[in-house]
Amino acid sequence: MSQPRVLALANQKGGVGKTTTAINLGTALAAIGEDVLIVDLDPQGNASTGFGIGHKQRVHSTYEVMVGDCDLRTTVVETAVPRLHIAPSTLDLLGVELEIAGERDRTFKLRKAIQALAASQGVAYSYILVDCPPSLNLLTINAMAAADAILVPLQCEFFALEGLSQLLKTVEQVRVTLNPGLSIHGIVLTMYDARNNLSGQVVADVRQFMGDKVYQTIIPRNVRVSEAPSYGKPALLYDLKCPGSQAYVRLASEIIQREKSLRAA
Ligand code: ADP
Ligand code: MG
């Protein structure tokens, strides 16, 4: 059985498109035939809500996984998207940092949970996408320690690059101390607005700074993408033809291509 590829969607800034990318990239990967698990590691639970998973359905959550009360498999619920499952979160996650602060393996809670999941009978996810909170806290460190690679959503706005160095520094620290195999998978530019000259400048700056780490696919700002969560649907189910959905389909195939060349290397 092959191991899942674990990608953490991380950026300590809020509102840059982490959750939107987790939802729609996950959906696009599943549509291509991959078995995908989204792990909602944000106490706000926006990824769970975005799939229409109500609070009643969150019988078990990633909070319980992090404190060791329950295994990851038990939390998993199906979504309306075939081959796409989610481990939902609840606000309890807000308190997890203090609860596990004294434990020696506090940075490896998620890694251990994912290892146990991958080893269990009848479970074969090819991709696990971890939706991180907007902070470089212990939850995000757990995601980085569990991940094969980090996917960084960056909003096309004036301050896009601000904070990126801090994020890259943290990734490097985690690589050195906790997870030697960790790499940056790529940077995805989000909420691109073609009518705004600034967006184009931001794309040029980020490409200059990060080179080919930046995916070719750019996610446009698209009202259909922002409406979809209020219907409890990924944009790809809400309006497959809209430019935002189509961009996520292209991003998924770009990521699969990148995975293939990594494996061949
Ligand atoms: P994060 O998880 O990084 O905090 P979100 O994915 O929740 O960011 O996105 C922040 C807000 O921007 C949300 O209201 C979301 O619907 C909206 N949004 C994200 N991507 C797009 C897009 N491509 N077009 C329009 N709105 C978007
Ligand atoms: Mg989010």
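Analysis parameters
- Residues numbered from 1 in each chain as written.
- Chains lettered and ligands numbered in written order.
- Predicted model: local features only at pLDDT ≥ 70, side-chain atom pairs only at ≥ 80, totals over all residues.
- Helix = DSSP H or I, 4+ residues; strand = E, 2+ residues; numbered from the N terminus.
- Buried ≥ 20, exposed ≤ 12 C-beta atoms within 10 Å, placed from the backbone.
- Contact = placed C-beta atoms within 7 Å.
- Pairing = 2+ DSSP bridges.
- Right-handed = clockwise from strand over helix to strand, strands pointing away.
- Near = placed C-beta within 6 Å.
- Nonpolar A, V, L, I, M, F, W, Y, C, P; charged D, E, K, R; others polar.
- Arc of directions from axis to C-beta.
- Core = buried A, V, L, I, M, F, W, Y, C linked by C-beta atoms within 7 Å.
- UniProt positions renumbered as here; feature names shortened; annotations may be inferred.

Q: I keep staring at the overall build of the protein and nothing clicks. Help me out?
A: When helices and strands are tallied, the protein shows 12 helices and eight strands. Structurally, the protein occupies a C-alpha span of about 50 × 40 × 40 Å along its principal axes. Expressed as a percentage of its 265 residues, the buried residues of the protein come to 45%. Within the protein, residue pairs in contact and separated by at least 24 positions form 77% of the contacts whose partners lie at least 6 positions apart.

Q: Quick question: what am I supposed to make of unusual backbone geometry here?
A: Glycine aside, negative phi is the norm for most residues, and most peptide bonds take the trans geometry. Its identity is not glycine, yet Arg83 carries a phi of approximately 70°, on the positive side. Following the sequence through the fold, Arg83 ends up in the loop between strand E3 (77-78) and strand E4 (84-87). Residues other than glycine seldom take positive phi values, yet Met191 does so here, at roughly 55°. Here Met191 is to be found in strand E7 (residues 183-192). Among the residues examined, Met191 registers 24 C-beta atoms within 10 Å and is labelled buried.

Q: Looking at this structure, I do not really get the pairing of strand E8 (residues 214-220). What am I missing?
A: The side chains of a regular strand alternate between both faces of the sheet. One ladder, built from three bridges, connects E7 with E8; its direction is parallel. If you follow Leu189 over to E8, its bridge partner there is Ile218. A crossover connection joins E7 to the parallel E8 through helix H9 (residues 197-210); in handedness this β-α-β unit is right-handed.

Q: Mind showing me how you'd approach the environment of Val214 here?
A: Summarising the element assignment, Val214 is placed in strand E8. For Val214, a count of 19 C-beta atoms within 10 Å gives the class partly exposed. Along the primary structure Val214 and Pro133 are separated by 81 residues, whereas in three dimensions their C-alpha atoms are 22 Å apart.

Q: Quick question: what am I supposed to make of the site of ligand 1 here?
A: If you check the shell around ligand 1, you find 18 residues, and the closest are Lys18, Thr19, Thr20, Val225 and Ser226. Going through the elements one at a time, helix H1 (18-32), E7 and helix H10 (223-227) are the ones with two or more residues in the shell around ligand 1. Partitioned by chemical class, the residues of the shell around ligand 1 number six nonpolar, 10 polar and two charged.

Q: What's the story with helix H6 (residues 109-119) in this structure? I'm lost.
A: What sets the pattern is the α-helix's 3.6 residues per turn: residues three or four places apart point alike. Listed in full, the buried residues belonging to H6 are Lys109, Leu110, Ala113, Ile114 and Leu117. For H6, the angular spread of buried residues about the axis comes to 125°, placing them on one side.

Q: Teacher, can you tell me more about the nonpolar core here?
A: Across soluble globular proteins, nonpolar side chains have a tendency to be buried as a group. In this structure, Ala8, Leu129, Val130, Ala143, Met144 and Ala147 are the most contacted members of the largest nonpolar core, which totals 75 residues. It is H1 that contributes the most residues to this core, seven residues altogether. In contact with Leu129, not counting residues within four places along its chain, are Leu7, Leu9, Ala22, Leu25, Gly26, Val36 and Ile38.

Q: Can you walk me through the pairing of strand E1 (residues 5-9) in this structure?
A: Most of E1 is tucked away, with four of its five residues classed as buried. In this structure, E1 lies alongside strand E5 (residues 127-131), joined through five bridges in parallel fashion. In the strand pairing of E5, Leu9 is matched with Asp131.

Q: What am I meant to see in the environment of Asp148 here?
A: Mapped onto the elements, Asp148 comes out in the loop between helix H7 (138-146) and strand E6 (149-155). C-alpha separation for the pair Asp148 and Ala265, spaced 117 residues apart in sequence, amounts to 15 Å. Among residues more than four places away in sequence, those in contact with Asp148 are Arg5, Val6, Leu7 and Gly181.

Q: Could you clarify how one ought to interpret the UniProt feature "domain: AAA" (unreviewed entry) in the protein in this entry?
A: Residues annotated in UniProt with the feature "domain: AAA" (unreviewed entry) correspond here to residues 5-184. Measuring from the first to the last C-alpha atom of residues 5-184 gives 13 Å, for a span that is 38% helix and 17% strand.

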